[in-house]
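# Observations on the model geometry
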Amino acid sequence: MIPEKIIDDIREQTDIVEVIGSVLDLKRSGSNFKALCPFHPEKTPSFMVSPGKQIYHCFGCGKGGNAFNFLMEYEGVSFVEAARKLASTTGIEVDKYISYGDKKEKLDPYYRAMEFAGDFYRKELLESTDAEGAREYLQKRGFDGELAEFFKLGYAPPAWDRFYRAASEEGLSRDILLDLKLVMRGSGGSGYRDYFTNRVIFPIIAISNRTVGLAGRVLDGSEPKYLNSTESQIYSKGRMLYGLNHAISEVRKLKSVVLVEGYADYLMLWKNGIRNISAVCGTSLTEQQVRLLARYAKRVYIINDGDRAGKRASVRAADQLLVEGFDIRIVSLPESEDPDSYVRKNGADALIKMMHSAPGYFDYMKLEAEKGLHATYRKSKVVKHILEVVSRVREPVDRDLMLQEVSGLFSLSADTLRTAIKRRPGRAGGENQEHSPGSTKREDIQKELFRIGLEGDSYSRRLLENLMEDDFEGVLFRKYYKALDLALKNGIDIKSPDFTGAIKDPELSRLASEIALLELTPGPIDEVFEDTLIWLKKAALRDEMDEMKRQVIQFQEQGKDADSTAKTEIAEAYRKITREYKKLGLKGDNESDESQ
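How each quantity is defined
Throughout, a residue's number is its position along its own chain's written sequence, starting from 1. In keeping with the model being predicted, local features are shown solely for residues with a pLDDT of at least 70 and side-chain atom pairs are shown and tallied solely at 80 or more, while totals for entire chains, interfaces and linings include all residues. Computation of side-chain values covers all heavy atoms of the structure but excludes hydrogens and water. Per the convention used, a helix needs a DSSP run of H or I reaching at least four residues, while a strand needs a run of E reaching at least two, with both numbered from the N terminus. Exposed residues in this analysis have more than 50% of their type's maximum accessible area, buried residues have under 20%, and partly exposed residues fall in between, with area computed by a 1.4 Å probe over protein chains only. Whether two residues are in contact is decided by their heavy atoms: any pair within 4.5 Å suffices. Surface accessibility in these figures is a Shrake-Rupley result with a 1.4 Å probe; residues are shielded only by whichever protein chains are displayed. Here, strands pair whenever DSSP counts at least two bridges between them. Each axis is a line fitted through C-alpha atoms, taken for helices only over the stretch in contact, and angles between the N-to-C directions span 0 to 180 degrees. Here the word oblique covers every angle except those under 35 degrees (roughly parallel), over 145 (roughly antiparallel) and from 65 to 115 (roughly perpendicular). Should the near helix be turned anticlockwise from the far one by less than a right angle, the crossing is left-handed, and should it be turned clockwise, the crossing is right-handed. Charged residues are taken to be Asp, Glu, Lys and Arg, nonpolar residues to be Ala, Val, Leu, Ile, Met, Phe, Trp, Tyr, Cys and Pro, and polar residues to be all remaining types, Gly included. The reported arc concerns the directions from the helix axis to the C-beta atoms and nothing else. Working definition: a ring pair exists when centres of Phe, Tyr or Trp rings (six-membered ring for Trp) sit within 6.5 Å. Plane angles under 30 degrees give stacked, over 60 give edge-to-face, the rest tilted. We call a charge positioned over a ring when the NZ of a Lys or the CZ of an Arg lies within 6 Å of the ring centre and within 35 degrees of the ring normal. Criterion for a salt bridge: a side-chain nitrogen of Lys or Arg within 4 Å of a carboxyl oxygen of Asp or Glu.

Glancing now at the overall build of the protein chain. Across its full length, the protein chain carries 26 helices and 16 strands. For the protein chain, the proportion of its 596 residues judged to be buried stands at 49%. Restricting to contacts in the protein chain with at least 6 residues of sequence separation, those with at least 24 account for 66%. When the accessible surface of the protein chain is split by element, carbon and sulfur atoms take 49% of a total near 29200 Å².

Written out as structure tokens, the structure reads:
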């Protein structure tokens, strides 16, 4: 594994504002920065980044930590992969330290095998005499050599095992090739053969710019038309969006994304200058893909095939996007067209014009309701579909505004629509549903006390002297107490990234980042600190008193003798703690204030 010294060097030479600012639109907020959280939908920024402490925290969903944690959450990579990426920007060499004893770090051979496959098929397209048909196909589709090179398009030859033999000569593990389904066992168990044959290859590349899968388009008219990589340790088609790695900067800049279904659709739009684009990888749009888009875009233009299947797919995708708070535009192509063919015939400007005039979700659904015969029946079906989708919207205000829009469009009472939603079984968007993590009063006070402790060693030392680890409720708070104690003993500046930013435990790092970015309670800091300290001490004493009461009741239930030594000791300890509790004065203290 990577030595602690190297990890510390990477952390010290990394600027978390640069790391997060490269993918999020950070805005200055006092001494910190803020942005819309990439990990959950929100309209008001609650995601904070501290350059001084080199940490981030979202006060909406609770995620937080240092630069390592951010990359692990944001890109879905292991700690070692995050360290490798951060090290690449600092010039620090880490690969020589990496061992693969840990299961999480065993993925590199899989990436290597997939990268080899992509390179192999790319070379076949460029050099193989068998690839003439593939080159002609790409030229006919309008995908010239420059575009093919940029997207690393390839060709899988018709030979039975050409790739398998090349991979074996390279020393790649057969088991890994089988896991990735780059090769298959021959029928009847006779040898091994290539999974992709006689197909144009579209590499699927993650945001981290690593090849994780392949898609193959058949050249001889056989079925299936498209063959995609199987799910593997490095590839989940429901979490990936084709081409987003190339489009991400444009998507971020425009705050919008054009979503299409096919690889050829993507390439044609890209070639014609539409660069804020992405495509699903052989699936309907999934919740994970929607969350991925939410990191970068606010508006989505859905452009599917113009046939009935394409329109149904557009509505399914729009349903998912509406729930997550996107501004949606649904582009309806002529029935016989797809995005690729439409742009080839009419040009990109014609498509862009359609995008600018495309209806939003509710307007589109109203147009659908007005089509065909049996208008009342169709309208009823469409409204019920809309209500099912709107019922899943988490934010009550957004949900009610949507119902008002539906009310106006369909000439229905808003109260009727609200009643219909309330009657829906298992409604996901109820007012009592909390998206942000809840916390008890005691947890909030513990956070506040630790936050004041970060104002200086004197506060932290008083905290440690007056409270014990067991006085804190919750395993993570006790871990934080121990981390603070250890930092002071080692002479670490608790106001610097050497304390909060250096915590490696993901859960503890999340708590530490939240504490560090909390706003201080208004008022004299010494008085707030003293009151908070006393509140927690009293809470800890109440815990002890409650435990002793429980033991006394247990003695009584067991019929123990009233003069038993144990019972006498408990009673004396209870009196002692009660006296100590009464000595602790707290302005405005009463039983309701102390409730937890």
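There is more to say after this.
Where strands meet in a sheet, backbone hydrogen bonds hold them as pairs that are either parallel or antiparallel. Judged by pairing direction, the sheet is antiparallel, and its five strands sit side by side in the order β1-β2-β3-β4-β5 without closing on themselves. Looking at the sheet topology across the chains shown, the edges are occupied by β1 (27–29) and β5 (64–65). Taken together, the two bridges between strand β4 (residues 55–58) and β5 define a ladder with antiparallel strand orientation. Residue pairing in the sheet places Tyr56 in a bridge with Gly65 of β5. Along the sheet, helix α3 (residues 67–75) contacts β3 (47–50), β4 and β5; its crossing angle with β4, the most-contacted strand, is approximately 50°. In this fold helix α23 (residues 506–517) packs onto β2 (32–35), β3, β4 and β5, with an angle of close to 85° to the strand it touches most, β4.

Before going further, it helps to spend a moment on the packing of helix α21 (residues 457–466) against helix α22 (residues 475–489). Running from amino to carboxyl end, α21 crosses α22 at an angle of 125°, the nearest separation of the two axes being 11 Å. Taken together, the axes of α21 and α22 are oblique relative to one another. In the packing of α21 onto α22, the handedness of the crossing is left-handed. Together, Asp457, Ser460, Arg461, Leu463 and Leu464 of α21 and Tyr481, Leu484, Asp485 and Leu488 of α22 make up the contact between the two elements.

Here the focus is the sheet that holds strand β11 (residues 226–228). Spatially, β6-β9-β10-β11 is the arrangement adopted by the four strands of the open sheet, whose pairing is antiparallel. The open sheet has two edge strands, β6 (154–156) and β11, and neither has a second partner. Each neighbouring strand pair of the sheet contributes to a mean axis angle of 35°, computed without reference to strand direction. Strand direction decides the pairing type here: strand β10 (residues 211–218) and β11, joined by three bridges, are antiparallel.

Right, let's talk about the pairing of strand β9 (residues 199–205) for a bit. With respect to burial, β9 is a largely interior element, seven of its seven residues being buried. Burial of β9 is two-sided: the residues Arg199, Ile201, Pro203 and Ile205 facing one way and the residues Val200, Phe202 and Ile204 facing the other way are all buried. Relative to β9, β6 runs antiparallel, the two being bridged by three bridges. Residue Gly154 lies in a different strand from β9, and its bridge partner there is Ile201. Of the pairings in the sheet, the one linking β9 to β10 comprises seven bridges and is antiparallel in character. Residue pairing for β10: Ile205 is matched across the bridge by Thr211. A loop of five residues connects β9 with β10, the two strands running antiparallel in sequence, and Asn209 in this loop sits at a positive phi of about 65°.

Each packed pair of helices is defined by two parameters, the angle between the axes and the distance between the axes. Across the interface, helix α18 (residues 396–410) lies against helix α19 (residues 414–422) with an axial gap of 9 Å and an inter-helix angle of 125°. Our classification of the angle between α18 and α19 gives oblique. Considering only the axes of α18 and α19, their crossing is right-handed. For the pair α18 and α19, contact is made by Asp400, Leu403, Gln404, Val406 and Ser407 and by Ala414, Leu417, Arg418 and Ile421, respectively. The residue makeup of the contact of α18 with α19, split by class, is five nonpolar, two polar and two charged.

A word on helix α12 (residues 287–294). Residues of α12 that are buried include every one of Gln289, Val290, Leu292 and Leu293, and no others. Angularly, the buried residues of α12 cover 155° about the axis, an arc narrow enough to put them on a single face. Its buried side turned inward, α12 meets β12 (241–242), α10 (244–254), β13 (256–260), β14 (277–280) and α13 (308–323).

On to helix α8 (residues 162–169), then. Every buried residue belonging to α8 is among Phe163, Tyr164, Ala166 and Ala167, and all of these are buried. Buried residues of α8, seen end-on, are gathered within an arc of 165° and therefore sit on one face of the element. Turning to α8, the residues buried within the fold contact α5 (108–127), α9 (174–179), β7 (183–185) and β8 (192–194). Where α8 ends, the next residue or the one after it, Gly171, has phi of about 90°, a positive value.

Once that is clear, we can look at the packing of aromatic side chains. In the structure shown here, the tally under the stated rule is 33 aromatic pairs. Look at Tyr56 and Phe70: their rings are 5.5 Å apart centre to centre, the planes differ by 85°, and that puts the pair in the edge-to-face class. Note that Tyr56 is positioned in strand β4 and Phe70 in helix α3, a separation of 14 residues in sequence. Tyr56 sits in the buried class, given a relative accessible area of 0%. Ring geometry for Tyr195 versus Phe196: centroids 4.9 Å apart, planes at 80°, classification edge-to-face. The exposure classification of Tyr195 matches that of Phe196, with both residues buried. The structure contains a cluster of three or more aromatic residues connected by ring pairs, namely Phe150, Phe151, Phe202, Tyr226, Tyr242, Tyr263, Tyr266 and Trp270. Stacked on the ring of Phe39, the Lys or Arg Lys63 has its end atom at 6.0 Å from the ring centre. Above the plane of the ring of Trp160 lies Arg193, whose end atom (NZ or CZ) is 5.2 Å from the centre.

For the rest of this paragraph, the subject is the pattern of salt bridges. Using the criterion set out here, one finds 42 salt bridges in the structure. Between Asp398 and Lys43 there is a salt bridge, with its nearest N and O atoms 3.0 Å apart. On the criterion of sequence distance, the pair formed by Asp398 in helix α18 and Lys43 in the loop between β2 and β3 is long-range, its members being 355 residues apart. By relative accessible area, Asp398 is classed as buried at 17%. Residue Glu124 is joined to Arg162 by a salt bridge in which the shortest nitrogen-to-oxygen separation is 2.9 Å. In this pair, Glu124 is assigned in helix α5 and Arg162 in helix α8, connecting sequence segments 38 residues apart. Glu124 gets classed as buried once you look at its relative accessible area, which sits at 12%. When salt bridges that share partners are traced, they join Glu4, Asp8, Arg11, Asp498 and Lys504 into one network.

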